[in-house]
Amino acid sequence: MLLFDTYVQKLKYKVLREVAKHAYEGTLQDCYLDIPKLISPGPKSTMRCCIYKERAIVAERVKIAMGGDKTNSNVIEVIGIACDECPVSGYRVGPDCRGCIAHRCSSVCPRGAISFDADHHAHIDPDKCVNCGKCASVCPYSAIQNHVRPCERACKIKAISQGENHVAHIDNSKCTACGACVYQCPFGAIQDKSSLLDAIRMIRDSEGNQRYKVYAVVAPSISSQFVYAKLGQVITGLKHLGFFSVVEAALGADMVAYNEARELAEKGFLTSSCCPAFVSYIEKSFPAMKPLISHNLSPMAEVSRFIKSTDPDAKVIFIGPCTAKKQEVLRDEVKPYVDCVLTFEELQAWFDSRELSLGELEEGVLDNASYFGRIFARCGGLSDAVAQALKEQNSDFTVQPVSCDGIEECRVALLKKQKGLLKENFIEGMACVGGCIGGAGCLTHGPKDKGEVDKYGHEAYEKTITDALAQCAYHMDK
């Protein structure tokens, strides 16, 4: 049985599933008539103040599941009407204030935001407070706490703030589309726009006139998903959906590792280019360091380019755990190769819209990549693969990597490099903690065992990067 971490995830899944059903039935115009059965069940008839507001919110969820606001360039979107239940962020004085007469809190406040009542209890004026935290640091009773909204806390690059009417506002000039806010919002007020309808149209058009074939490129982190079925059954499920072939993005990882190793040896220093959120973070927050980014495409784009070089009419749909991939596919250097991106959440909804019971299917085969390509799914895997590629190329260059587990560690490494304090010569940046197995589009977000990823890697038939590239006739001298 499929489990979800939260009911927000389940509601998102239900909306996606119903939209997919209507797409196959040719009744998309009737999607909004299904809203009553998508209302969140709770101790009362609605989770909101009234059933009308609940229906309005679900209507917005349906809109996002059908592609969202086309005028918004960001794939992450705020449902304004749903974002009204969280308290305003900021420092507050709690009940532990003892009304002491020392008044250290007001003494250190640079804006005079703290006042006292007749009992000497402190009060903070939110219009004057600048959230410096000095008052909290000196309170002897720890009575002053910083209350931060879940979305703001989740966004480590401070791209989210409180906009008009205290609704969350995303600064697109900072946002990397990592999706951390999407998963952490307890009201589901922040969502990633879906391309599920585009994927269904591609499949149905290919079946109708056979003008082209549709390939599924699946991320190696699929090994930690769909735990109720075997991986081979998931592959067969994709074939039942209408995909002509299923290819491992890990094969693209082999290609990237091989080429990135050569580029690193030539230049002496690189930051990785595999994680689109990390690349976007450098471009937006450390623009002076853009020349240090590897010039290789990501594994998704590289293997898709290879597919289209062998089948120019092909359509490629990438399926993985990453919302940032939806943003990456809009980049000019990636657009020609990847036609659509889906998350594992969306794939599950697609399977269920077709009433496919994966556990009852025969097992297909997924064996395109090496061990080293598959371990890209976890933090440290890219560094291991680059080291292996250098070895297979008989290079004298020694990689000294720093594997950054999450965007905060990426920031530290980039700051060190910026200040000339980084001793390593290769920054492997992973925006999600744990690597791709911690992506926002995963079915579940519990602790993922690194050993499980390595186990999946060891199941690869081709044990070296060179072997994997040779079996698909990839030109390693390009």
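Look above for the structure.
Residues numbered from 1 in each chain as written. Predicted model: local features only at pLDDT ≥ 70, side-chain atom pairs only at ≥ 80, totals over all residues. Heavy atoms only, no water.

**Quick notes on the overall build of the protein**
Okay, so step 1: Across its full length, the protein holds 18 helices and 15 strands.
Okay, so step 2: Expected size for 478 residues packed as a compact globule is a radius of gyration near 23 Å; at 25 Å, the protein falls within 12% of this value.
Okay, so step 3: If you line up the protein on its principal axes, its C-alpha atoms span 80 × 60 × 35 Å.
Okay, so step 4: By residue count, 53% of the 478 residues in the protein fall in the buried class.
Okay, so step 5: Taking all contacts inside the protein whose residues are at least 6 apart in sequence as the whole, residues at least 24 apart take part in 75%.
Okay, so step 6: On the protein, roughly 21,600 Å² of surface is accessible, and the fraction owed to carbon and sulfur atoms is 50%.
Okay, so step 7: With 56 positive and 59 negative side-chain charges, the protein shows a spacing of 5 Å between the two charge centroids. (Helix = DSSP H or I, 4+ residues; strand = E, 2+ residues; numbered from the N terminus. Rg over C-alpha atoms; globule rule 2.2 N^0.38 Å. Buried < 20%, exposed > 50% of the residue type's maximum accessible area, 1.4 Å probe, protein only. Contact = heavy atoms within 4.5 Å. Areas by Shrake-Rupley, 256 points an atom, 1.4 Å probe, with all protein chains shown as cover. Lys, Arg positive; Asp, Glu negative; His and termini not counted. Charge placed at Lys NZ, Arg CZ, Asp CG, Glu CD.)

**Details of the pattern of salt bridges**
Okay, so step 1: On inspection of all chains with the given rule, the structure shows 21 salt bridges.
Okay, so step 2: Of the charged contacts, one joins glutamate 333 and arginine 331 as a salt bridge, the two residues approaching to 2.8 Å between their closest N and O atoms.
Okay, so step 3: With relative accessibility at 37%, the residue glutamate 333 sits in the partly exposed group.
Okay, so step 4: If you follow the salt bridges from partner to partner, you end up with Lys12, Asp192, Lys326, Glu345 and Glu346 in one network. (Salt bridge = Lys/Arg side-chain N within 4 Å of Asp/Glu carboxyl O.)

**Observations concerning the pairing of strand β12 (residues 315-320)**
Okay, so step 1: With five of six residues buried, β12 lies mostly within the body of the structure.
Okay, so step 2: Examined bridge by bridge, strand β9 (residues 214-218) and β12 share five bridges and lie parallel to one another. Looking at the pairing, valine 214 lines up with lysine 315 of β12.
Okay, so step 3: Sheet analysis places β12 next to strand β13 (residues 340-343), joined by four bridges and oriented parallel. (Pairing = 2+ DSSP bridges.)

**Concerning the pairing of strand β14 (residues 401-405)**
Okay, so step 1: What you see with β14 is a clean split: Val402 and Cys404 sit on the buried side and Pro401, Ser403 and Asp405 on the side with no burial.
Okay, so step 2: Here β14 runs beside strand β15 (residues 426-430); their pairing, made up of five bridges, is parallel. Paired with proline 401 across the strands is phenylalanine 426, a residue of β15.
Okay, so step 3: You can see the chain leave β14, run along helix α16 (residues 407-418) and come back into β15, and the turn it takes is right-handed. (Right-handed = clockwise from strand over helix to strand, strands pointing away.)

**Quick look at the sheet that holds β14**
Okay, so step 1: One open sheet accounts for three strands, arranged β11-β15-β14; its pairing is parallel. Edge positions in the sheet fall to β11 (270-271) and β14, since each has one partner strand and no second.

**What to know about the nonpolar core**
Okay, so step 1: Formed by 94 residues in total, the largest nonpolar core has its most connected members in Phe226, Leu238, Phe243, Ile317, Ile319, Trp350 and Phe351.
Okay, so step 2: If one sorts the elements of this core by residue count, helix α9 (residues 249-267) sits on top with ten residues.
Okay, so step 3: Setting aside chain neighbours within four positions, we find phenylalanine 243 in contact with Ile203, Val214, Tyr215, Ala216, Leu238, Ile317, Ile319 and Trp350.
Okay, so step 4: Listed in part, the 43 residues of the second largest apolar core include Ala82, Cys155, Ala189 and Met289. (Core = buried A, V, L, I, M, F, W, Y, C linked by side-chain atoms within 4.5 Å.)

**Digging into the sheet that holds strand β10 (residues 245-248)**
Okay, so step 1: The strand order across the open sheet built from four strands is β10-β9-β12-β13, with neighbouring strands paired in parallel fashion. Strands at the two margins of the open sheet, each flanked by one partner only, are β10 and β13. Each neighbouring strand pair of the sheet contributes to a mean axis angle of 25 degrees, computed without reference to strand direction.
Okay, so step 2: Most of the contacts of helix α8 (residues 231-241) go to β10, to which it runs at about 135 degrees, and overall it touches β9, β10 and β12. (Axes fitted to C-alpha atoms, helices over the stretch in contact; angles between N-to-C directions.)

**Focus: helix α15 (residues 381-392)**
Okay, so step 1: Its twelve residues place the ends of α15 16 Å apart at the C-alpha level, agreeing with the 16 Å of an ideal helix rising 1.5 Å per residue.
Okay, so step 2: Among the residues of α15, Gly381, Leu382, Ser383, Ala385, Val386, Gln388, Ala389 and Leu390 are the ones counted as buried.
Okay, so step 3: Along its buried surface, α15 packs onto α9, α14 (371-374), β14, β15 and α18 (465-471).
Okay, so step 4: Positive backbone phi, approximately 55 degrees, marks asparagine 394, located one or two places after α15. (Expected span 1.5 Å × (residues − 1).)

**A closer look at the packing of helix α10 (residues 276-285) against α16**
Okay, so step 1: At a closest axis distance of 11 Å, the pairing of α10 and α16 adopts a crossing angle of 45 degrees. By the angle class used here, α10 and α16 are oblique. Like other packed secondary-structure pairs, α10 and α16 cross with a definite hand, here right-handed. Packed against α10, whose contacting residues are Phe278, Tyr281 and Ile282, the element α16 presents Ile407, Cys410, Arg411 and Leu414 at the interface.
Okay, so step 2: Within the contact of α10 with α16, the residues separate by chemical class into six nonpolar, no polar and one charged. (Parallel < 35°, antiparallel > 145°, perpendicular 65-115°, else oblique. Left-handed = near helix turned anticlockwise from the far one by under 90°. Nonpolar A, V, L, I, M, F, W, Y, C, P; charged D, E, K, R; others polar.)

**A closer look at a positive patch on the surface**
Okay, so step 1: Side chains of Arg153, Lys156, Lys158, Lys174, Arg411 and Lys419 sit close together on the surface and give a patch of like positive charge.
Okay, so step 2: For arginine 411, the position within the fold is in helix α16. (Patch = residues over 30% accessible without salt bridge, like charges linked within 9 Å, V, L, I, M, F, W, Y side chains within 5 Å.)

**Comments concerning the packing of aromatic side chains**
Okay, so step 1: According to the stated counting rule, one finds seven aromatic pairs in the structure shown.
Okay, so step 2: With centroids separated by 6.1 Å and ring planes inclined at 75 degrees, the aromatic side chains of phenylalanine 226 and phenylalanine 351 adopt a geometry described as edge-to-face. Of this pair, phenylalanine 226 sits in the loop between β9 and α8 while phenylalanine 351 sits in helix α13 (residues 344-353), and the two are 125 residues apart along the sequence.
Okay, so step 3: Relative accessible area serves as the criterion here: at 0%, phenylalanine 351 is assigned to the buried category. (Phe/Tyr/Trp six-rings, centres within 6.5 Å; stacked < 30°, edge-to-face > 60°.)

**Details of the side chain of serine 194**
Okay, so step 1: By the secondary structure assignment, serine 194 is in the loop between β8 (190-192) and α7 (196-209).
Okay, so step 2: What makes serine 194 buried here is its relative accessible area of 5%.
Okay, so step 3: From its side chain, serine 194 meets the backbone nitrogen of leucine 196 in a polar contact 3.0 Å long.
Okay, so step 4: In this structure the side chain of serine 194 is engaged in a polar contact, spanning 2.7 Å, whose partner is the side chain of glutamate 346.
Okay, so step 5: Once you skip the residues sitting within four places of it in the chain, serine 194 turns out to touch Leu16, Ile64, Ala65, Met66, Gly67, Lys326 and Glu346. (Polar contact = N/O pair within 3.5 Å; in protein donor to acceptor, adjacent residues only side chain to side chain.)

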